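Descriptive analysis of the structure
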Amino acid sequence: MNNRLRELRDAQGWSQGELAERLEVSRQTVNALETGKYDPSLPLAFRIARLFGLRIEDVFLPDA
C-alpha cells in the first residue's frame, strides 16, 4: 500500500524518531511504513491520520 507518510512527516519537520514517539511505535516501524515494507494495523492507521488531521484515505493510497 502506498502512503504519504514521509511527505507529511517532512512537512512537519519531524524525524522518523519524532514521529515514532508521537505514534508510540519504533523508528523502525516508521521506516518500514514509509518504504512500503509494512502495512499498518487499522488502529495505527487511524492514529496516523488523526495525528496529521487527515482521513485515512488521504494518507494511505490504494496500489495502482
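One structure accompanies this document, and this report is about it.

Parameters at a glance
- Residues numbered from 1 in each chain as written.
- Predicted model: local features only at pLDDT ≥ 70, side-chain atom pairs only at ≥ 80, totals over all residues.
- Heavy atoms only, no water.
- Core = buried A, V, L, I, M, F, W, Y, C linked by side-chain atoms within 4.5 Å.
- Buried < 20%, exposed > 50% of the residue type's maximum accessible area, 1.4 Å probe, protein only.
- Helix = DSSP H or I, 4+ residues; strand = E, 2+ residues; numbered from the N terminus.
- Contact = heavy atoms within 4.5 Å.
- Polar contact = N/O pair within 3.5 Å; in protein donor to acceptor, adjacent residues only side chain to side chain.

1. Some remarks on the nonpolar core
Within the largest apolar cluster, 16 residues are counted, with the highest numbers of intra-cluster contacts made by L5, L19, I48, F52, V59 and F60. Considering every element that reaches this core, the biggest residue donor is helix α4 (residues 42-52), with five residues. Discounting chain neighbours no more than four positions away, the residues touching F52 are L5, L8, R9, Q12, W14 and L19.

2. Overview of the environment of G13
The topology assignment puts G13 in the loop between α1 (5-12) and α2 (16-23). The class of G13 is exposed, set by a relative accessible area of 56%. Along the sequence, G13 and V30 sit 17 residues apart, while their C-alpha atoms lie 15 Å from each other.

3. Focus on unusual backbone geometry
One non-glycine residue with positive phi stands out, namely E24, at about 60°. For E24, the location among the structural elements is in the loop between α2 and α3 (27-34). Judged by its relative accessible area of 71%, E24 is exposed.

4. What to know about the side chain of Q16
Note that Q16 resides in helix α2. In this structure Q16 comes out as buried when scored by relative accessible area, which is 15%. Side-chain polar atoms of Q16 contact the side chain of R27, separated by 3.1 Å. Residue contacts for Q16: discarding those within four places in its chain leaves R9, R27, V30, N31 and E34.

Keep in mind these values describe shape, not function.
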